[in-house]
Amino acid sequence: MRYIGNKENLCDKIHYTLLSQQIQGESLFDVFAGTTSVSQYFKHKGYQITSSDLMYFSYVLQKAYIANNNTQLFSTLATELPHTPHKLFTSNLEVVLSFLDNIFPIEGFIFKNYTPEGTAHLPTPRMYFSNENGRKIDAIRQQIELWYQKNKITENEYFVLLACLIESVSFYANVAGIYAAFHKKWDPRATKTLTLRPIKLLNNHKENQVYNTNSVALLNKIEADIFYLDPPYNARQYAPNYHLIETIAKYDNPSIKGVTGMRDYTEQKSLFCNPNTALEELDKIAQQGKYKTLVLSYNSEGIMPQEAIIQTLSQYGKVTLTQFDYQRFKSNNNGESQTKKHIQEQLYILKRQ
């Protein structure tokens, strides 16, 4: 899915940088898990993974990609569902997703609050999803919950299906990349009928742990060779940017407000979105964390100054800084010139004394 700061395209460079400095290990704590791209990458490399994030939708992805090691799922449910005629399936997951793709639509919370027909009574009807896709998202989400409540699917299967839905909807949302606003005209892809995409499952044969909390609260209980930090870079909180994905994940019928139908995110604010508290939090993690190496991904436009970061981390060991260019997140381009569409990724590496 599209996500601010997503490191999916930078994982190889991050890994290469670690290897070039003779940094290896058997375990990694992904302190700000987000879409789990870094956790997935290092799980594939054989690391035992611990991950955490304040956002529940991230926890769903963590449960599906990181905690789950079972790649042979839905053996019971798949035999109970009617198969789509003339279609060959390579996995039980595809059988289940095919059933959900053909489910009877329902006018539930997403349709009523985030489609133009469902919000026609508002001064500015919300255009996050087409009417058709809004109904389909509601039907799929409710069916997944019903299966889980009736013990038709296991916990692992529940989170895998939620992850498939979360990953898929971002390809059909009428947004520029984040959900803080919707387009006032239809993006062509948003008018297409939503089709669920299977996620890739991986077994690293290790006991991986995932959490839905502030990682600072876990410092006393988690020990890993590498702590990887990819915190927010600026004052914009992540929660309002992904409020709709959060609502689909929780499906808790929240109170919403404003033009965009925002849910309350008071308990999901990150202290890294303030330049003063960000340095305090960084210091706390660097000081109290149980690690051999701490890796901080940041960028040249971050609210924590480079000198302050180095000064903070240097209290606890030797710090090196590696920088390389990468393309700015699309929704942050703001029509700027080509020369400003790239920023520098900064990789601070602290080897603990």
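Throughout what follows, the structure given in this document is the object of discussion. Starting from 1, residues in each chain are numbered consecutively following that chain's sequence as written. For this predicted model, a pLDDT threshold of at least 70 governs which residues receive local features, and a threshold of 80 or more governs which side-chain atom pairs are given and counted, while totals over whole chains, interfaces and linings are taken from all residues. To obtain the side-chain values, all non-hydrogen atoms of the structure were included, while hydrogens and water were left out.

What follows is about the overall build of the protein chain. Of the regular secondary structure elements, the protein chain holds 12 helices and 9 strands. Projected onto the principal axes, the alpha-carbon positions of the protein chain cover approximately 60 × 50 × 35 Å. For the protein chain, the proportion of its 353 residues judged to be buried stands at 55%. Contacts were defined at the residue level, with two residues in contact if any of their heavy atoms lie within 4.5 Å. Across the protein chain, contacts joining residues at least 24 apart in sequence account for 74% of those joining residues at least 6 apart. Just so you have it, the protein chain exposes about 16300 Å², and 48% of that area is on carbon and sulfur atoms. Averaged over its 37 positive side-chain charges, the protein chain has a centre that lies 3 Å from the centre of its 33 negative ones. Going along the chain from the N terminus, every DSSP run of H or I of four or more residues is numbered as a helix, and every run of E of two or more is numbered as a strand. Here the term buried applies to any residue with accessible area under 20% of the maximum for its type, exposed to any over 50%, and partly exposed to those in between, with areas from a 1.4 Å probe on protein chains only. Values of accessible area rely on a 1.4 Å probe in the Shrake-Rupley scheme; residue burial ignores everything except the protein chains shown. Note on charges: Lys and Arg go in the positive column, Asp and Glu in the negative column, and His and the chain ends are not counted at all. Where a charge lies is defined by one atom per residue type, namely NZ (Lys), CZ (Arg), CG (Asp) and CD (Glu).

Residue placement: Ser52 occurs in strand S2 (residues 48-52). Separated by 168 residues in sequence, Ser52 and Asn220 place their C-alpha atoms 14 Å apart. Ser52 has contacts with Phe29, Asp30, Val31, Phe32, Ala33, Gln62, Tyr211, Asn212, Thr213, Ser215 and Leu218, leaving out every residue within four places of it along the chain.

Looking now at the nonpolar core. One broad rule of soluble globular proteins: the nonpolar side chains tend to lie buried together. Judged by nonpolar contacts, the single largest core of 104 residues is most densely connected at Leu100, Leu161, Phe227 and Leu294. Apart from residues lying up to four places away in sequence, Leu161 is in contact with Phe74, Leu93, Val96, Leu97, Leu100, Ile144, Trp147 and Ile153. Definition used in this section: a nonpolar core is a set of buried Ala, Val, Leu, Ile, Met, Phe, Trp, Tyr and Cys residues joined via side-chain atoms within 4.5 Å.

Within S2, 4 of the 5 residues are buried, leaving the element largely enclosed by the surrounding structure. Relative to S2, strand S1 (residues 27-30) is paired through 4 bridges, and the arrangement is parallel. Considered in S2, the bridge of Asp30 is made with Ser51. By convention, orient the strands away from the viewer: a clockwise path from the first strand over the helix to the second makes the crossover right-handed. In this view, the connection linking S1 to its parallel neighbour S2 by way of helix H2 (residues 37-44) has right-handed handedness. Being paired, for any two strands, means DSSP has found at least two bridges between them.

With that settled, the discussion passes to the packing of helix H5 (residues 92-101) against helix H8 (residues 155-169). At their nearest, the axes of H5 and H8 sit 12 Å apart, and the two run at 55° to each other. Here H5 lies oblique to H8, going by the angle between them. Seen along the crossing, H5 lies across H8 with a hand that is right-handed. Side by side, H5 and H8 meet where Leu93, Val96, Leu97 and Leu100 of the first sit next to Val160, Leu161 and Cys164 of the second. Fitted lines through C-alpha atoms serve as axes, helices being fitted only where they are in contact, and the angles separating the N-to-C directions of these axes extend from 0 to 180 degrees. Should an angle fall under 35 degrees it is taken as roughly parallel, and over 145 as roughly antiparallel, whereas 65 to 115 is taken as roughly perpendicular and any remaining angle as oblique. Definitions for this section: a left-handed crossing has its near helix turned counterclockwise from the far helix by less than a right angle. A right-handed crossing has that turn clockwise.

The next subject is helix H7 (residues 131-149). In a regular helix each residue adds 1.5 Å, so 19 residues correspond to 27 Å; H7 covers 27 Å between its end C-alpha atoms and thus fits that length. Buried residues of H7: Asn133, Gly134, Arg135, Lys136, Ile137, Asp138, Ala139, Ile140, Arg141, Gln143, Ile144 and Trp147, and no others. Positive phi appears at Asn151, one or two residues downstream of H7, with a value of about 60°. Each residue after the first adds 1.5 Å to the expected span of a helix.

What makes a salt bridge here is a side-chain nitrogen of Lys or Arg within 4 Å of a carboxyl oxygen of Asp or Glu, nothing more. Taken as a whole and assessed by the stated rule, the structure comprises 11 salt bridges. Between Glu107 and Arg135 there is a salt bridge, and its shortest N-O distance comes to 3.0 Å. Of this pair, Glu107 sits in the loop between H5 and helix H6 (109-114) while Arg135 sits in helix H7, and the two are 28 residues apart along the sequence. The class of Glu107 is partly exposed, set by a relative accessible area of 41%. By relative accessible area, Arg135 is classed as buried at 18%.

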